Amino acid sequence: MHTSSTAIYAELIDQTVTFVKDSLQTAESGHDWWHTERVWKNARLLLRTEEADQLVVELAALLHDIADSKFHNGDEEIGPQTARNFLQSIGAEENVIFHVEQIIRNMSYKSGLGNIAFTSREMEIVQDADRLDAIGAIGIARTFTYGGFKNRILYDPSIEPKPSQSKEEYKNSTAPTINHFYEKLLLLKDKMNTPAARRIAAQRHEFMMCYLKQFFAEWQGEK
């Protein structure tokens, strides 16, 4: 990268970081700036071993939850549109804007339950980065934070998890928080796109399995 290109790159990233921090100041803590920063860090980690457009990856990681549909009455276009409007305002190139917009529109877990309309190596990296933050110790914390935010019960033995759901079933679910492990979190290990993410996910998956074993033992009064 030439010096001028490096400066432009850095300016785009810096402006995006500032915008996202300001926009997510009052966000639910599982989808706030700190979540975004972790996904951004994960994406940069994966870029060490993956060939991809780094600017697109970083911008998409930073903007992926700028307006999550589940906090906007299910509107799946508000996120991509917000990202587009912002990137246009800071002078990003149209091909970059379009790519970032498509990643945000298609990378979510629920999007993968429907017809997949777009994919790219850049999307696979950002998707992995986001999914890594959904599992392991932080994934467990985020799951219960969101369950509390939605006032869901922890667990009800009479309500069976549904690991095979349609997009609409997943979006409309009000199941207990523990069910979410079986309906999404424990499925993510085998859905990672990159070798590095698969290695990290394997360890985090085992941690969740240990947690669930302890949870059910305590639930049954065995420990």
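Here is what the cut-offs are and how they apply
Throughout this description, residue numbers start from 1 for each chain and increase along the sequence as written. Residue-level local features of this predicted model are given only where pLDDT is at least 70; pairs of side-chain atoms are given and counted only at 80 or more, and the full residue set underlies all totals for whole chains, interfaces and linings. Note: side-chain values were computed over all heavy atoms of the structure, leaving out hydrogens and water. A run of H or I in DSSP counts as a helix once it spans at least four residues, and a run of E counts as a strand once it spans at least two, with each numbered from the N terminus. Radius of gyration: C-alpha atoms only; globule rule: 2.2 Å multiplied by the number of residues to the exponent 0.38. Think of it in three bands: with a 1.4 Å probe and only protein chains considered, a residue is buried below 20% of the maximum accessible area for its type, exposed above 50%, and partly exposed in between. Whether two residues touch is decided by their heavy atoms; if any such pair falls within 4.5 Å, the residues are in contact. Values of accessible area rely on a 1.4 Å probe in the Shrake-Rupley scheme; residue burial ignores everything except the protein chains shown. The term salt bridge refers to a pairing of a side-chain nitrogen on Lys or Arg with a carboxyl oxygen on Asp or Glu at a separation within 4 Å. Helix axes are fitted to C-alpha atoms over the stretch in contact, other axes to C-alpha atoms as well, and angles between N-to-C directions run from 0 to 180 degrees. Angular relationships are summarised with four words: roughly parallel below 35 degrees, roughly antiparallel beyond 145, roughly perpendicular across 65 to 115, and oblique for the angles in between. Crossings are sorted by hand: turned counterclockwise from the far helix by less than a right angle, the near helix makes the crossing left-handed, and turned clockwise it makes it right-handed. Three residue categories are used. Nonpolar comprises Ala, Val, Leu, Ile, Met, Phe, Trp, Tyr, Cys and Pro, charged comprises Asp, Glu, Lys and Arg, and polar comprises the others, including Gly. Only buried residues count toward a nonpolar core, which is a set of Ala, Val, Leu, Ile, Met, Phe, Trp, Tyr and Cys residues joined through side-chain atoms within 4.5 Å. N or O atoms within 3.5 Å of each other form a polar contact, as long as, within protein, one can give a hydrogen and the other can take it, and as long as residues adjacent in sequence are counted only when both atoms are side-chain atoms. By definition here, a helix of n residues has an expected span of 1.5 Å times n minus one.

Draft legend 1. Representation of the overall build of the protein chain within the structure. Counting its regular elements, the protein chain contains 10 helices and zero strands. At 18 Å, the protein chain has a C-alpha radius of gyration in line with the 17 Å of a compact globule built from 223 residues. The 223 residues of the protein chain split such that 48% are buried. A sequence separation of at least 24 residues applies to 66% of the contacts in the protein chain between residues at least 6 apart. Total accessible area on the protein chain is roughly 11600 Å²; 50% of this is exposed by carbon and sulfur atoms.

Draft legend 2. Region of the structure containing the pattern of salt bridges. If you walk through the whole model with that rule in mind, you get nine salt bridges. Between aspartate 133 and arginine 38 there is a salt bridge, with its nearest N and O atoms 2.7 Å apart. A residue pair is termed long-range when its members are at least 10 positions apart, and aspartate 133 in the loop between helix 6 (121-132) and helix 7 (136-149) and arginine 38 in helix 2 (residues 33-47) qualify at 95 residues. For arginine 38, a relative accessible area of 21% translates into the label partly exposed. Across the salt bridge formed by arginine 105 and glutamate 101, the nearest N and O atoms sit 3.5 Å from each other. With arginine 105 and glutamate 101 both in helix 5 (residues 94-106), this residue pair falls four residues apart, about one helical turn. Arginine 105 sits in the partly exposed class, given a relative accessible area of 23%. Shared partners join several salt bridges into a network, and the residues in it are Glu77, Arg84, Glu94, Glu101 and Arg105.

Draft legend 3. Region of the structure containing the packing of helix 3 (residues 54-63) against helix 6. Close contact between helix 3 and helix 6 brings their axes to 9 Å; oriented N to C, the two are set at 40°. The angle between helix 3 and helix 6 places the two elements in the oblique class. In this structure, helix 3 crosses over helix 6, and the sense of that crossing is right-handed. Contacts from Val56, Val57, Ala60 and Ala61 of helix 3 reach helix 6 at Glu122, Ile125 and Val126. Tallied by class, the residues present in the contact of helix 3 with helix 6 amount to six nonpolar, no polar and one charged.

Draft legend 4. Up close: the nonpolar core. Ranked by size, the top nonpolar core spans 56 residues in total, and within it Ile13, Leu63, Leu87, Val100, Ile103, Ile135 and Phe181 carry the most contacts. Contributions of two or more residues to this core are made by helix 1 (3-23), helix 2, helix 3, helix 4 (78-89), helix 5, helix 6, helix 9 (177-183) and helix 10 (195-219). In terms of residues, this core owes the most to one element, helix 3, which gives eight residues. Apart from the residues lying within four places of it in its own chain, the contact partners of isoleucine 135 are Leu185, Leu188, Met192, Ala201, Arg204 and Met208.

Draft legend 5. Fine view of unusual backbone geometry. Residues other than glycine seldom take positive phi values, yet asparagine 151 does so here, at roughly 60°. Turning to its location among the elements, asparagine 151 is positioned in the loop between helix 7 and helix 8 (167-172). Since its relative accessible area comes to 71%, asparagine 151 is described here as exposed.

Draft legend 6. Broad picture of the environment of serine 173. Its location among the elements puts serine 173 in the loop between helix 8 and helix 9. Judged by relative accessible area, which is 18%, serine 173 ranks as buried. Residues serine 173 and arginine 105, 68 residues apart in the sequence, show an inter-C-alpha distance of 21 Å. In this structure, serine 173 is in contact with Arg152, Gln165 and Glu183, ignoring residues within four places of it in sequence. Of note is the side chain of serine 173, whose polar atom sits 3.2 Å from the backbone nitrogen of alanine 175.

Draft legend 7. Region of the structure containing helix 5. The terminal C-alpha atoms of helix 5, which comprises 13 residues, lie 18 Å apart, in line with the 18 Å expected from a rise of 1.5 Å per residue. All of the buried residues along helix 5 are Val96, Ile97, His99, Val100, Glu101, Gln102, Ile103, Ile104 and Asn106.

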